[in-house]
Structure formats: C-alpha cells, structure tokens
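Listed below are the residues making up each chain.
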Amino acid sequence: MRIVIVGGVAGGMSAAARARRLSEDAEIIVFERGEHPSFANCGLPYYVSGEITDESDLLVQTPESLRAALDLDVRVRHEVVGVDPAARTVRVRNADGEHTVGYDALILSPGARAVRPPLPGLDSPRVQTLRTVGEAVRLRERLDDLPDGGRAVVLGAGFIGLEAAEGLRLQGLEVDVVELSEHVLPPLETELAALIREELTGLGIRVHEGIGATAVETGAAADTVVLGDGSRLAADIVVLSVGVRPDTEVFEAAGIACERGALVVDEHGRTSAPHVWAVGDATVAVDRVTGVRRPVPLAGPANRAGRLVADHILTPDRARPIPQPLGTAIVRVGGLTAALTGANRRSLEAAGIDYRTVHLHPGSHAGYFPGAEQIHLLLHFRAGDGLLLGAQAVGADGVDKRIDVLATALANGMTAPELIDLDLAYAPPYGSAKDPVNLAGMIAENVLDGALELWYADDGLPGPEALLLDVRDPDEVAQDALPGALTIPHTQIRERLDEVTAAAARRPVLIYCASGLRSYLAYRVLRAAGLPAKNLSGGLLTYRALHPARELDPV
Ligand SMILES: Cc1cc2nc3c(=O)[nH]c(=O)nc-3n(C[C@H](O)[C@H](O)[C@H](O)COP(=O)(O)OP(=O)(O)OC[C@H]3O[C@@H](n4cnc5c(N)ncnc54)[C@H](O)[C@@H]3O)c2cc1C
C-alpha cells in the first residue's frame, strides 16, 4: 500500500509516523512544500525572542532522521499542485519540474496560510508573517541589523501576535500592537483580557484596541502604519498576524468538498473524495460545545487527528473517531498566563445557549505558604443542569493546571457541581484542600440551586432602584469604592442588620467585596433575614477590570 501525505509538519508527520508504526509494509511518501519537515512552528516566537537560541532546535526532525527511524520518504521543496481523485494521483512540483505520483491512500494536512487583508502597502519588505523557520530566521536577522531603538508594529493581538510582540520587546524594540477587535486576545472574555492588556503595558508594549490599520506607507528609513483614526506608527518591522485561512485551493480545485475554504471531513477524517483523508488547520471541525462548524487551528487537535487518520487507514475496524475539539489554548504574556477551554460568552450567545457564569479569584496554592498568586478564573455552565460549557483563567501561577483539569472535565461531559468532587493533588506548595477548580464548582452549585443569586459587572452600577452595599474593611473602601454604596464590614452585618434593612427600604441589596467571598457571607445573612440580595460575581476585582476607576470617580 502506498500512502501519500501532503504537508510534513504537525498533522501530516503524526499520520506518517503512526502509519509506519502500524505497518512495516506500507510505502509512505510525504510531500512538504517548505524546506523543513516536522519543524516546531509553535516555537518560532521564542526564537524571535531569543529564548530559543539555536535555529537547529526548531528542527525537530530531518528527512534523514525520519528515513532512519521510520523509513519515511520525506520530500521537502515538493509542492502538491493537483489531485486527480479518480485516477488516485497527485501532481507534484519541485525544482526539476512536475511529475505525477499515484496513491492508495492520500492524507491532506496542508495547514493554513496567514490572512493578508487588502491593505495598501502590505507588500513592503518590512512587513512579514511568522509561520515558517525561514521567516523566523529572517526576522531575527533583521533584528540583529537594526540600530538600538528599533520599532515594531504587530498587526493582530491573537495568540501568535502577542507571542511575537513580547518576543520583539524582549529583543529591546519599541513595540505597538494593533487589534481590530474590542480587546487583545479576542477569544478571552473582556474582564480577563483587561489583565493581559495591563501586563502588555507593563512590558512597555503600546496596545491599540478596537482599531485597525488602514495602510502601510513605505518610507526610506522606516515604514509608517496608519491606523483607522489617522494616527501613524513608525515601524522598522511590521509583523502581520491577523489570522489564518485554510490552505486548500489545490484540493478544492480537485473537487474535494470544502466549506468556506476548509476541507469537510467525517468523524474519521474522510473527505468527500474516496481514499482521501484530511486533518489539521485545513479542515472543518465541529465545536464540541456549540456544534458550530469551523476550523480549529491548534497543534494538539492536528497531531491527534493525524494519528487517528492513520489508524483508520490501516486498522479501520479499531480506529476511534476524531473527537470534536474544545479549542483549549494557552499563552504566556509577560509574567501572566492566559488559558481557555470550551465556549466563550460570544459563541454561547451566538449558539443561543442559556448559560450562567461565575467568577472567582482564588490563590494558586494555600495562602499561608509563600508565593501564592491570584488566579482569575471564570466558568460558564448551562442554566438548569449545570453542564460545563467553558472556562478561562489568567494568573501568574497555576493557570495551566486548572484549565487542563477543566478541559478534561468538559471533554467528559461533566456538570459544574461535579467539579466539587474532583479529587485533586494537594499539598500547600501546589494547591489548596479546596482547589480553585473545586471552588468554582461550589459557587456554580450555589447558583444552580438558588443558594446564591449574582449580579454582574457587565450590568454596570444600579440606579436608585437598588441599594449598593460594600462589605469590605474601611481601609479598602478608602482606596476605591463604587459611588453611592453603603459601607458596612461583613463582620458587622449581623449586628447592623437594621441599618441595612432601613437603607434598603424594600429595594434589592446589591452586595460586593473585593473578590465575592466576604460579600457571599454577608449575602447569606441578608437572605436569612429575608432581604432580597444579590452578590457581585468576582467582586470589585472583576468590576474594575471592566470599569477601571477614573481619578474623578468619587470614593
Ligand atoms: C508561530 C506559530 C505559533 C503557534 N503556536 C501554537 C501553540 O502554541 N499552540 C498550538 O496549539 N498551536 C500553535 N500554532 C498552530 C499550530 O502550529 C497549527 O495548528 C498546526 O501546526 C497545524 O497542523 P497542520 O498539520 O494542519 O499544518 P502545519 O503544521 O502548518 O503543516 C502544514 C504543512 O503543509 C505544507 N503544505 C501546504 N500545502 C502544501 C502543498 N500543496 N504541497 C506540499 N506541502 C504543502 C506547508 O508548507 C506546511 O509546512 C502556532 C502556529 C504558528 C505559525
């Protein structure tokens, strides 16, 4: 059997290696358009930053090592320029011209290309994308050639854009990041993205949100990036990172079914053409939470799908279906980590799913053990049955582990209250006896069973129809408070209940503290006394992330 694979990096090379492990007899040919198979695309920004010092560290394998270890026939600088599914052949172009190669099974893993919006000036030599080892090396060389005080503009503040921006900043450049969406890291909820914006600013990176570039003007000494409001940013380097689109023209032209440019596949990766499978960034996936069909351009799903497709070709009776992705993703920004899994608010609303959200800010480990950092965590779950829908977190420590636990819970169809019972590893340097994941489940359970009614920072401040009650200590109130709030420390709520009752005058009482914990205690006292009360989800910490204090706000 001859298996031909198009694309020799994440999905393609996983499929090739698994195919060999399943069959010593198969002939396995991998065509890779670029210079390197199996390179570390996810590592490219860290080569730009200088943290990965040696270009060779990005080259995980070579055609020679793949031949030696797995007897793979990897042909780099070979581009597949046509497919004839009826004849079961691909047309391949290399330096010597074009030739035709037959296949018994064809696996397409061509990945995605950088989106190039129709902006004047993007053809400037100072503008580049960051998708290949060659591009990363070129960027580093240009950095080395720049005089001190070089300037970079990064267009797009998604995961790769932010990694590139931080890398350039670490190399000493002045960096501007421009993001057309309302905030950096668009998939992150606004209240968490605000923390990332602050971190970027702390790194000395200037952030332009809710605005796009309209042109790049080429100059003799530097280019100028013009923004929608007319402002102008000088740039020695412009990194274009505004998204990707499936690299599928050749396959679509061959009649293989595509949906908005992405190859349509079934649960085993089969395309519409017989004997042709596809995986990775080039394919449509069905979002596990919302059911929406879209590409999920992440390395994990591509690698795992590559393996499963090889299983389906060589051991079809035993092959497991390719799971629907959750889109679990993570990024380092300065001293912070941002991570998410499952659906966000926007996708839940678009899908018409009725959901609830809880915010919490627990420590990464026991507060009495030195070095605990706050984790800013939020959880979305279905109204009614509490099915987990999504989770996001930002913090300096322990974010990766919590989101990975929550991704596992989501993948297993757990409800938010079932998080309470997760038996997670604990000793003071690592976590708490009630881990943040357990705590998130407890708060969610309280919401679901009516023990806790929340109000949200998105709602803004109440008018005269409600009483605002701040239950923090006076020194905290002196630092920052919401205007018009009655302030009573939570420890005095029981003895000053009459005062609250009188001030409320039958109006709902909207309680808050710093994080939502002390206000929950006060909330329970008020509810036991029959007062209609609600607790601010995530407390003032979440509120201020959405509505920063201005100097003129009365305290
Ligand atoms: C800078 C950067 C950082 C990233 N960081 C992360 C991260 O931290 N975490 C994460 O989950 N994901 C990350 N990703 C995304 C991840 O790399 C991709 O999701 C993953 O590589 C997709 O695998 P794939 O096999 O579909 O495509 P790729 O790995 O991109 O491989 C496709 C290959 O196919 C080749 N090809 C295309 N068309 C043809 C053709 N016609 N003939 C021959 N060859 C062809 C291309 O040259 C390419 O090498 C990052 C991507 C980049 C660029």
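Preceding block: the structure.
Okay, so let's go over this structure.

Quick notes on the rules
Residues numbered from 1 in each chain as written. Predicted model: local features only at pLDDT ≥ 70, side-chain atom pairs only at ≥ 80, totals over all residues. Heavy atoms only, no water. Near = heavy atom within 4 Å. Polar contact = N/O pair within 3.5 Å; in protein donor to acceptor, adjacent residues only side chain to side chain. Areas by Shrake-Rupley, 256 points an atom, 1.4 Å probe, with all protein chains shown as cover. Helix = DSSP H or I, 4+ residues; strand = E, 2+ residues; numbered from the N terminus. Nonpolar A, V, L, I, M, F, W, Y, C, P; charged D, E, K, R; others polar. Salt bridge = Lys/Arg side-chain N within 4 Å of Asp/Glu carboxyl O. Buried < 20%, exposed > 50% of the residue type's maximum accessible area, 1.4 Å probe, protein only. Core = buried A, V, L, I, M, F, W, Y, C linked by side-chain atoms within 4.5 Å. Contact = heavy atoms within 4.5 Å. Pairing = 2+ DSSP bridges. Expected span 1.5 Å × (residues − 1). Axes fitted to C-alpha atoms, helices over the stretch in contact; angles between N-to-C directions. Phe/Tyr/Trp six-rings, centres within 6.5 Å; stacked < 30°, edge-to-face > 60°. Lys NZ or Arg CZ within 6 Å of the ring centre and 35° of its normal. Left-handed = near helix turned anticlockwise from the far one by under 90°.

**Focus: the site of the ligand**
- Taken together, 29 residues lie around the ligand, and Gly11, Glu32, Ser109, Asp281 and Ala299 are the ones closest in.
- Here Ala10 contributes a backbone N or O atom positioned 3.2 Å from an oxygen atom of the ligand.
- Taking 980 Å² as the accessible area of the ligand by itself, protein coverage stands at 89%.
- Going through the elements one at a time, helix 1 (10-22), strand 2 (27-32), strand 4 (79-84) and helix 8 (299-314) are the ones with two or more residues in the shell around the ligand.
- Counting residues per element, the shell around the ligand draws most heavily on helix 1, which supplies three residues.
- When grouped by side-chain class, the residues that make up the shell around the ligand number 14 nonpolar, nine polar and six charged.

**A look at the pattern of salt bridges**
- If you walk through the whole model with that rule in mind, you get 35 salt bridges.
- For Glu98, the salt bridge is made with Arg93, and the minimal N-O distance between the two is 3.0 Å.
- Assessed through its relative accessible area of 43%, Glu98 is described here as partly exposed.
- The exposure class of Arg93 is partly exposed, given its relative accessible area of 40%.
- Sharing partners across several salt bridges, the network here consists of Arg20, Arg67, Asp71, Asp73 and Arg75.

**A few points about the nonpolar core**
- Counting 51 residues, the largest nonpolar core has Leu379, Leu469, Ile493, Ile511 and Leu526 as the members making the most contacts within it.
- For Leu526, the contacting residues outside a window of four places in its chain are Leu469, Ile493, Leu497, Val500, Val509, Ile511, Leu531 and Ala533.
- Residues Val154, Leu162, Ala164 and Ala338 belong to the second largest nonpolar core, which totals 40 residues.

**Structural notes on the pairing of strand 27 (residues 388-395)**
- For strand 27, the tally of buried residues reaches eight of eight residues, placing the bulk of the element in the interior.
- Strand direction decides the pairing type here: strand 24 (residues 336-342) and strand 27, joined by six bridges, are antiparallel. By the bridge assignment for strand 27, Thr337 is matched with Gly395.
- Looking at chain direction, strand 26 (residues 375-382) and strand 27 are connected through seven bridges and run antiparallel. Bridging from a neighbouring strand, Leu377 pairs with Ala393 of strand 27.
- Connecting strand 26 to the next strand, strand 27, in antiparallel fashion are five residues, including Gly384 with a positive phi near 95°.

**Side note on the environment of Phe39**
- By secondary structure assignment, the location of Phe39 is in the loop between strand 2 and helix 2 (44-48).
- Separated by 93 residues in sequence, Phe39 and Thr132 have C-alpha atoms that sit 8.3 Å apart.
- Every residue in contact with Phe39, bar those within four places of it in the chain, is listed here: Val9, Leu44, Leu58, Leu59, Val60, Arg131, Thr132 and Val133.

**Some words on helix 1**
- With 13 residues, helix 1 extends 18 Å between its outermost C-alpha atoms, agreeing within 8% with the 18 Å of an ideal straight helix rising 1.5 Å per residue.
- The element helix 1 is extensively covered by neighbouring structure, given that ten of its 13 residues are classed as buried.
- For helix 1, every residue scored as buried is listed here: Gly11, Gly12, Met13, Ser14, Ala15, Ala16, Ala17, Arg18, Ala19 and Arg20.
- On its buried side, helix 1 packs onto strand 1 (2-6), strand 2, helix 3 (63-70), strand 3 (73-76), strand 7 (105-108) and helix 8.

**Some points on the sheet that holds strand 5 (residues 89-94)**
- The strand order across the open sheet built from three strands is 4-5-6, with neighbouring strands paired in antiparallel fashion. Edge positions in the sheet fall to strand 4 and strand 6 (97-102), since each has one partner strand and no second. Mean inter-strand twist for the sheet, computed between neighbouring axes without regard to direction, equals 25°.
- When strand 5 meets strand 6, the two strands line up antiparallel, connected through six bridges. From the neighbouring strand, Val90 faces strand 6, where its bridge partner is Val101.

**Comments concerning the packing of aromatic side chains**
- Using the criterion set out here, one finds one aromatic pair in the structure.
- In this structure, Arg140 packs its charged tip against the face of Tyr47, placed 4.4 Å from the ring centre.

**Focus on unusual backbone geometry**
- At Arg88, a position not held by glycine, the phi torsion is positive, near 55°.
- Secondary-structure assignment places Arg88 in the loop between strand 4 and strand 5.
- Judged by its relative accessible area of 30%, Arg88 falls in the partly exposed class.
- The residue Arg260 is not glycine, and still its phi comes out positive at about 45°.
- Residue placement: Arg260 occurs in the loop between strand 18 (258-259) and strand 19 (262-263).

**Considerations on the packing of helix 1 against helix 8**
- Orientation of helix 1 relative to helix 8, taken along the N-to-C sense of each, is 35°, at an axis distance of 7 Å. Two packed elements cross with a definite hand, and for helix 1 against helix 8 that hand is right-handed. Together, Ala10, Gly11, Ser14, Ala15, Arg18, Ala19, Arg21 and Leu22 of helix 1 and Ala302, Asn303, Gly306, Arg307, Ala310, Asp311 and Leu314 of helix 8 make up the contact between the two elements.
- Of the residues in the contact of helix 1 with helix 8, the class split is seven nonpolar, four polar and four charged.

It is worth stressing that arrangement in space is one thing and function is another; only the former is reported here.
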